[in-house]
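# Residue-level structure breakdown
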Amino acid sequence: MYKEVLRSIEDIEIFPIISLVIFVLFFIGIAIWAIRMPKEYIDHMSSLPMDDDNELTDKQP
């Protein structure tokens, strides 16, 4: 039943291609962002889970 409904829609074959292109462009964009990320930022973010919780609670009212 669903196949018949989808076959009756004109130009529906372009939607999977568009979604694949959007996914690939997004993936490439995230990969470029991750590669170009500064080393200092990565080091800072990787050390956050190991920081003392006292620093955070001291700053809160």
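Residues numbered from 1 in each chain as written. Predicted model: local features only at pLDDT ≥ 70, side-chain atom pairs only at ≥ 80, totals over all residues. Heavy atoms only, no water.

### Digging into a nonpolar patch on the surface
Taken together, the side chains of Ile14, Phe15, Ile17, Ile18, Val21, Ile22 and Leu25 make up a nonpolar region of the molecular surface, amounting to roughly 680 Å² of accessible area. In this fold, Ile17 is placed in helix α2 (residues 14-35). Here Ile17 falls in the partly exposed class, since its relative accessible area comes to 49%. (Patch = residues over 30% accessible without salt bridge, like charges linked within 9 Å, V, L, I, M, F, W, Y side chains within 5 Å. Areas by Shrake-Rupley, 256 points an atom, 1.4 Å probe, with all protein chains shown as cover. Salt bridge = Lys/Arg side-chain N within 4 Å of Asp/Glu carboxyl O. Helix = DSSP H or I, 4+ residues; strand = E, 2+ residues; numbered from the N terminus. Buried < 20%, exposed > 50% of the residue type's maximum accessible area, 1.4 Å probe, protein only.)

### Let's talk about unusual backbone geometry
With phi around 55 degrees, Asp11 is a residue other than glycine that occupies positive phi space. Note on placement: Asp11 falls in the loop between α1 (2-8) and α2. Judged by its relative accessible area of 53%, Asp11 is exposed.

### So, the pattern of salt bridges
Overall, the coordinates contain 1 salt bridge when judged by the stated rule. A salt bridge links Lys39 to Asp43; its shortest N-O distance comes to 3.4 Å. One end of the pair is Lys39 and the other is Asp43, both in helix α3 (residues 39-47) and 4 residues apart, which spans about a single turn.

### Comments concerning the confidence of the model for the protein chain
Detailed reading of the predicted coordinates is not advisable wherever pLDDT falls low. Overall, the prediction assigns the protein chain a mean pLDDT of 83, with 84% of residues at 70 or greater. Across the protein chain, the element-wise mean pLDDT spans from 56 in helix α4 (residues 53-59) up to 96 in α2. (pLDDT = per-residue confidence, 0-100.)

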